[in-house]
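Chain by chain, the residues:
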Amino acid sequence: MISFQPPEVLLLGPGPSPVARRVLEAMARPTIGHLDPRFVGMMDELKELLRFAFQTRNMMTVPISAPGSAGMEAAFVNLIEPGDKVVICQNGVFGGRMRENVMRIGATPIMVNDAFGTPIDLDRTEAAIKANPGIKALAFVHAETSTGVESDAASLCRLAAGHGALSIVDAVTSLAGIPLHVDAWGADAVYSGSQKCLGAPPGLAPLTFNDKAMAALKARRTPVQSWFLDLGLVMGYWQGSGARAYHHTAPINMLYALHEALVMLKEEGLEAAFARHRLNHLRLRDGLESIGLELLVAEKSRLPQLNAVKVPEGVDEAVVRKRLLDEFAIEIGAGLGELAGRIWRIGLMGSGSNPHSVDRVVEALAVCLQRKAA
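Residues numbered from 1 in each chain as written. Predicted model: local features only at pLDDT ≥ 70, side-chain atom pairs only at ≥ 80, totals over all residues. Heavy atoms only, no water.

A. Up close: the packing of aromatic side chains. Scanning the entire structure with this criterion turns up two aromatic pairs. Across from the ring centre of Phe52, 5.1 Å away, lies the NZ or CZ of Lys266, which sits over that ring. (Phe/Tyr/Trp six-rings, centres within 6.5 Å; stacked < 30°, edge-to-face > 60°. Lys NZ or Arg CZ within 6 Å of the ring centre and 35° of its normal.)

B. Representation of unusual backbone geometry in the model. Residues Gly15 and Pro16 are joined by a peptide bond in cis, for which omega reads 5 degrees. Relative to the helices and strands, Pro16 is located in the loop between β1 (10-11) and α1 (21-27). Positive phi, normally seen in glycine, also occurs at Ala329, with a value near 55 degrees. (Helix = DSSP H or I, 4+ residues; strand = E, 2+ residues; numbered from the N terminus.)

C. Representation of the pattern of salt bridges within the structure. By the definition in use, this model includes 22 salt bridges. Asp188 serves as the salt-bridge partner of Lys212, at 3.7 Å between the closest nitrogen and oxygen. Residue Lys212 is found in helix α8 (residues 211-218), and its partner Asp188 is found in the loop between α7 (182-185) and β9 (189-191); the two are separated by 24 residues along the sequence. A residue is classified by how much of its surface remains accessible, and Lys212, at 34% relative accessible area, is partly exposed. Take Asp188: its relative accessible area is 3%, and that puts it in the buried class. For Asp286, the salt bridge goes to Arg285, with nearest N and O atoms at 3.0 Å. Residue classification places Asp286 among the partly exposed residues on the basis of a relative accessible area of 39%. The network of salt bridges with shared partners includes Arg22, Arg29, Glu260 and Glu267. (Salt bridge = Lys/Arg side-chain N within 4 Å of Asp/Glu carboxyl O. Buried < 20%, exposed > 50% of the residue type's maximum accessible area, 1.4 Å probe, protein only.)

D. Examining the pairing of strand β8 (residues 166-170) more closely. The element β8 is largely enclosed, with a buried count of five among its five residues. Bridge analysis of strand β5 (residues 137-141) against β8 gives five bridges, and the strand direction is parallel. By the bridge assignment, Leu138 is partnered in β8 with Ser167. Here β8 pairs with β9 via three bridges, running parallel. By the bridge assignment, Ile168 is partnered in β9 with Ala189. (Pairing = 2+ DSSP bridges.)

Have a look at this one:
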């Protein structure tokens, strides 16, 4: 056996996104103890940087030591108990994963289903809430990674609050890519992932709970179903002052990487990051149209950081993806669920959202499609 040497690949799929050299170098710094006072100081900075990214002052703002899917599970197992009713909006694959979480807890999911490729319907969601008095939460995906659709998170959060329910928001693909205003929108529980628009490696799940969500956690009648994801225990390690309680050995070097990625985001500024993602999306749209390709999602609901591209009639989408990877060292994603075989997913996230990435993937797709035509 010899050391593994990964190839250089331009990651333009639904995640992970390209990791900047600064972030990789931060991850390679010396490992110190997870209770070392100097590491604890970095943890406090990391929490403050996450509050900046989420646009919140929530004290309970931490990275869960696991991927974004664990952030999802942490939100549900801490807030939902057996017997609770949860309205879940599904307009893509990840709404279905919310349903799985609720069912495994022993709670009741009430589904509001919209077509893949369309945003969540506010009127139908409100009707479902009114038809089911006493719901505990409204859960939805802000930026649906499987379809490239943005839904109206601000209105959905207001809708939940207006009916006395918690809002649980999947922001895995939206954080740092499009506006996400946790405090201004009144979002109660929001989770994300390190590997999308933040541009860090996969393996951490930023999460924030407001006071309303923390009160619901403290008022539970039953223990949190997961020991590892019990935020009451996790906060003993991430608390702001005093002795840190040992909960688990934190992924020290991964936290270095997330810290550096957030420092870079702070240097760029949120509005500048949003504008950059938007401009490169428009460049991609124009480039795709120039070679005869169309986007799936209506313009008003398109995510700039995750682009769903229709596969032309007669084209084997898997063959094109393989050629892109093998011949051009570019990775793009396939469709999921009912969109499998029908779309490609092109991510322009984090440091991968730049004009060079756009031009390179458009030129490579043009070659692959010309070869098919020939």
